Amino acid sequence: NNSFSYSSAMEYTIKGYLLAEKLDDEIEMNKCLHNICMLLLQYGRYGQPLKDNPLGFEPQFEQVLSFFAKYPEYRHEQAYPLLDMGTVKMFEYIDTEDTNVLIDAKRYYSEAQLYAKSFYAQYIADTGLLVVNSYLYANRQSSFVNDSREKLYKRYTQQKIFIED
């Protein structure tokens, strides 16, 4: 998706979805649906109607999450829509400054931690929680946030060294 412009990336991803639908490949359909949502989020269009929508519905991360939640063998893949829903909530918080939105984001990131198997997904969940907690607790419990930052950084550098070795 990052190799193309928004319109090209969206066109190819939608074609992938429609092809997977023809082949009745639900996992690929949901992966494409997730990528469509990611493109929308990346370009600030998530939650807005798709122009000339060939899908026949408006894509949402919740659709992807509900598919993966039905199949325990795909638990790792379930982490990604949870991470992205946390990100959606963080963008929503920037617009609304509603603390309840932060609490929702924290719930999504926390649940993603349960399913994330890759270093990448685990690190994003940890970082998302750090950001959410920074907003929630920085004014009241700055030592909690500072301790969390230090622990996350130490764990990241240890894992990075381990991976490079």
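Note: the structure precedes this text.
Computed from a predicted structure; not experimentally measured.

To continue, consider the nonpolar core. Ranked by internal contacts, the top residues of the largest apolar core, which has 24 residues, are Tyr 109 and Val 132. Broken down by secondary-structure element, the contributors of at least two residues to this core are helix H2 (26–42), helix H3 (61–69), helix H4 (75–96), helix H5 (99–115) and helix H6 (119–137). Setting aside anything within four residues of it in sequence, one finds Val 132 in contact with Met 90, Leu 102, Ala 105, Lys 106 and Tyr 109. Ala 9, Met 29, Leu 50 and Leu 55 belong to the second largest nonpolar core, which has 18 residues in total.

At a minimum axis separation of 11 Å, H2 and H4 run at an interaxial angle of 20°. Comparing the axis directions of H2 and H4 gives the class roughly parallel. H4 is crossed by H2, and the crossing has left-handed handedness. Between H2, through His 34, Met 38 and Leu 41, and H4, the contact on the second element is made entirely by Tyr 80, Pro 81, Asp 84, Thr 87, Val 88 and Phe 91. Looking at the contact of H2 with H4 residue by residue, the classes come out as six nonpolar, two polar and one charged.

The end-to-end C-alpha separation of H5 is 25 Å, in line with the 24 Å expected for 17 residues at 1.5 Å each. Listed as buried for H5 are Val 101, Leu 102, Ala 105, Tyr 108, Tyr 109, Ala 112 and Tyr 115. Angular distribution of buried residues about the axis of H5 spans 140°; they occupy a single face of the element. In this fold, the buried residues of H5 make contact with H4 and H6. Among the residues of H5, the N-terminal cap falls to Asp 98, whose side-chain oxygen and the backbone nitrogen of Asn 100 are separated by 3.0 Å.

What follows concerns the environment of Gly 44. Counting through the fold element by element, Gly 44 comes out in the loop between H2 and H3. For Gly 44, a relative accessible area of 54% puts it in the exposed group. Each C-alpha atom, one on Gly 44 and one on Phe 91, is 9.5 Å from the other, the two residues being 47 residues apart in sequence.

For the rest of this paragraph, the subject is H4. In this model H4 runs 32 Å from its N-terminal to its C-terminal C-alpha over 22 residues, within 8% of the 32 Å that 1.5 Å per residue would give. Of the residues trailing H4, Glu 97 is marked for its positive phi of about 55°.

The rules behind the values
- Residues numbered from 1 in each chain as written.
- Predicted model: local features only at pLDDT ≥ 70, side-chain atom pairs only at ≥ 80, totals over all residues.
- Heavy atoms only, no water.
- Core = buried A, V, L, I, M, F, W, Y, C linked by side-chain atoms within 4.5 Å.
- Buried < 20%, exposed > 50% of the residue type's maximum accessible area, 1.4 Å probe, protein only.
- Helix = DSSP H or I, 4+ residues; strand = E, 2+ residues; numbered from the N terminus.
- Contact = heavy atoms within 4.5 Å.
- Axes fitted to C-alpha atoms, helices over the stretch in contact; angles between N-to-C directions.
- Parallel < 35°, antiparallel > 145°, perpendicular 65-115°, else oblique.
- Left-handed = near helix turned anticlockwise from the far one by under 90°.
- Nonpolar A, V, L, I, M, F, W, Y, C, P; charged D, E, K, R; others polar.
- Expected span 1.5 Å × (residues − 1).
- Arc of directions from axis to C-beta.
- Polar contact = N/O pair within 3.5 Å; in protein donor to acceptor, adjacent residues only side chain to side chain.

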